[in-house]
Amino acid sequence: MSGPLIVLVGPMGVGKSTVGELLADRLGTAYRDTDADVVATAGKAISEIFFDDGEERFRALERQAVRDAVDQHTGVLALGGGAVLDEETRALLAGRPVVYLSMDVDEAVRRVGLNTARPLLAVNPRRQWRELMDARRPLYEEVAAVTVTTDERAPEEVAQAIIEALELPERTGGPVPSDQEKSRMTEQGTTRIQIAGTAGTDPYEVLVGRQLLGELPNLIGDLAKRVAVLHPEALAETGEAVREDLASQGYEAIAIQLPNAEEAKTVEVAAYCWKALGQTGFTRTDVIVGIGGGATTDVAGFVAASWLRGVRWIAVPTTVLGMVDAAVGGKTGINTAEGKNLVGAFHPPAGVLCDLAALDSLPVNDYVSGMAEIIKAGFIADPVILDLVESDPQGARTPAGPHTAELIERSIRVKAEVVSSDFKESGLREILNYGHTLAHAIEKNERYKWRHGAAVSVGMVFAAELGRLAGRLDDATADRHRAVLESVGLPLTYRGDQWPKLLENMKVDKKSRGDLLRFIVLDGIGKPTVLEGPDPAVLLAAYGEVSA
């Protein structure tokens, strides 16, 4: 019987998502959550579905989500707490490796009792919990092959108990599969990377693979009537093809052409998009799709965030930079005369489709530019990225290289982990700006004619030298920056006579606080930290190391 390797069932708050992701990582497979599928289909949070449409509508969406997931998914699958109420779902689970995660009432109230976002536990949590469990416990036990209690157990302990109970092959004694190997294990060669919902936002997935545009209707969902496809002039044919495909499936689809690259990131372009949406009658349930590089997805996300105070949007990045950086994390924005991305909003997409086939025709300079963000992820969090680039620098310069998928997936996972912990850049997320303080200053100085990755490359060398001069970073790691970046063809220097202008530009960087300059530097590979108010002489000396 084909289907999921493990199916997790149990009440709300028992930890299915946390345990499920741990299991997927331990077993080298993919994780999927039917609650996330329902949210994507409906275009709104589960609590809103209950309030707006009623429980019956939610259960219908859930039933279909379970049917699709059991049919398509081969990894670890988590079902919503009430999924087993449906007789058809219980029949579908018969004979499958279903694990019931249980917990007692005291543990349940401690975990979810005060969480009013749980629509079925909003009044008297202790009494309602008992009533829910009286109805559901026999159904959980009916479908389960194994029951594992979670009381007073850490998620890691629960995952280990499941592995032992199902006698699944242990990987702790052997090599852990790489993300590239995990990619081959997922359905249809597609890797699904979960981005957790935080700060009132819903979770979403980043899909990495090929031929992914067929996923668009699933992400758009049934509630949308209109779809706006935003694309740059360079992708006019692609944008029109997507519009036509969506129109053939019953959506009122329009295409909005944007200028290429950073020229799209202006308030005038945003206003043009708002006008098009207004003339089309775009409502809060309609959807924006952004197809293109990082500049396009920045604009698409910003327009989505600002129209009707927020509509759903989907990112379809077509460049390396767009895939590993701009389309993940929900930071949207446009530029002004005073600086880059100073106007924007945090507005995560409903999903991201990273179709690797789009990279096959990318100009080499654009591809190499995106490598700067991948290398950045290696220095701040995942040194395996650096090892892969150093093992084949020429291969890293092209989408035909042996490690392309793994490099992109690893970079996305780095950003996914960070933004899931710090959605609004209040702390940890700042580490993603490694090298960006000087980079943004260079871009502004060049009137955004420089490629972003080229500026980030110079910015990282500057940050490495700043860390070395501040006594934070060892010589070998600072020198490694130059070696890795140069090996793929990225620049290491900028004009020495521009320092006064760059310094002024950096004072309006998003990380600055008042007149205090703040930089992300490294204490070592994978150990980013903040350097506040460095001595001006040290700053000048560090810039001297990147001056041409």
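Residues numbered from 1 in each chain as written. Predicted model: local features only at pLDDT ≥ 70, side-chain atom pairs only at ≥ 80, totals over all residues. Heavy atoms only, no water.

Draft legend 1. Looking closely at the overall build of the protein chain. Helix and strand content of the protein chain: 23 helices and 16 strands. Out of the 548 residues belonging to the protein chain, those deemed buried represent 56%. Carbon and sulfur atoms provide 50% of the accessible area of the protein chain, an area that totals close to 22,300 Å². (Helix = DSSP H or I, 4+ residues; strand = E, 2+ residues; numbered from the N terminus. Buried < 20%, exposed > 50% of the residue type's maximum accessible area, 1.4 Å probe, protein only. Areas by Shrake-Rupley, 256 points an atom, 1.4 Å probe, with all protein chains shown as cover.)

Draft legend 2. Region of the structure containing the sheet that holds strand β1 (residues 6-9). Ordered by their spatial adjacency, five strands build an open sheet running β2-β3-β1-β4-β5, and the pairing between neighbours is parallel. Strands at the two margins of the open sheet, each flanked by one partner only, are β2 (31-33) and β5 (146-149). Here the strands of the sheet are splayed against their neighbours by 25° on average, with no regard to which way each runs. As paired elements, β2 and strand β3 (residues 76-78) share three bridges and run parallel to each other. Note that in β3 the partner of Tyr31 across the bridge is Val76. Its contacts with the sheet put helix α8 (residues 155-165) on β1, β4 (98-102) and β5, and the angle it makes with β5 is roughly 155°. (Pairing = 2+ DSSP bridges. Axes fitted to C-alpha atoms, helices over the stretch in contact; angles between N-to-C directions. Contact = heavy atoms within 4.5 Å.)

Draft legend 3. Summary view of the sheet that holds strand β6 (residues 191-195). Read across the sheet, seven strands follow the order β6-β7-β14-β11-β10-β8-β9 without closing on themselves; strand pairing throughout is mixed. Both edges of this open sheet fall to β6 and β9 (252-258), since each of them pairs with a single strand only. Taken pair by pair, the neighbouring strands of this sheet meet at an average axis angle of 15°, ignoring direction. Against the sheet, helix α11 (residues 236-248) contacts β8 (226-232), β9 and β10 (287-292), and its axis sits at roughly 170° relative to β8. The sheet contacts of helix α12 (residues 267-280) involve β8, β9 and β10, and relative to β9 the element is tilted by about 165°.

Draft legend 4. Quick look at the nonpolar core. Counting residues in hydrophobic clusters, the biggest one holds 95 residues, and the most contacted among them are Val206, Ile288, Ile375, Ile408, Ile412, Tyr434 and Phe462. Among residues more than four places away in sequence, those in contact with Val206 are Thr191, Arg192, Ile193, Ile195, Val328, Val352, Cys354 and Ile412. Counting 21 residues, the second-largest nonpolar core is a separate cluster that includes Ile6, Val19, Val99 and Met103. (Core = buried A, V, L, I, M, F, W, Y, C linked by side-chain atoms within 4.5 Å.)

Draft legend 5. The environment of Asn505, seen in detail. Counting through the fold element by element, Asn505 comes out in helix α22 (residues 499-506). Between the alpha carbons of Asn505 and Gly339 there is a distance of 7.4 Å; along the sequence they are 166 residues apart.

Draft legend 6. Just the packing of aromatic side chains, in detail. One pass over the full model with this rule turns up seven aromatic pairs. Each ring, one from Phe50 and one from Phe58, has its centre 5.0 Å from the other, and the planes form 40°; the classification is tilted. (Phe/Tyr/Trp six-rings, centres within 6.5 Å; stacked < 30°, edge-to-face > 60°.)

Draft legend 7. Layout of the environment of Glu21. Along the chain, the position of Glu21 falls in helix α1 (residues 16-27). Those residues in contact with Glu21, other than ones at most four positions away along the chain, are Tyr31 and Gln194.

Draft legend 8. The arrangement of the side chain of Asp86 in detail. Mapping Asp86 onto the fold places it in the loop between β3 and α5 (87-93). Among the polar contacts listed, one links the side chain of Asp86 to the backbone nitrogen of Thr89, at a separation of 2.9 Å. (Polar contact = N/O pair within 3.5 Å; in protein donor to acceptor, adjacent residues only side chain to side chain.)

Draft legend 9. Up close: a nonpolar patch on the surface. On the surface, Leu342, Val343 and Val508 cluster together into a nonpolar patch covering about 200 Å² of accessible area. By the element assignment, Val343 lies in strand β13 (residues 339-346). On the accessibility criterion, Val343 (35% relative accessible area) is partly exposed. (Patch = residues over 30% accessible without salt bridge, like charges linked within 9 Å, V, L, I, M, F, W, Y side chains within 5 Å. Salt bridge = Lys/Arg side-chain N within 4 Å of Asp/Glu carboxyl O.)

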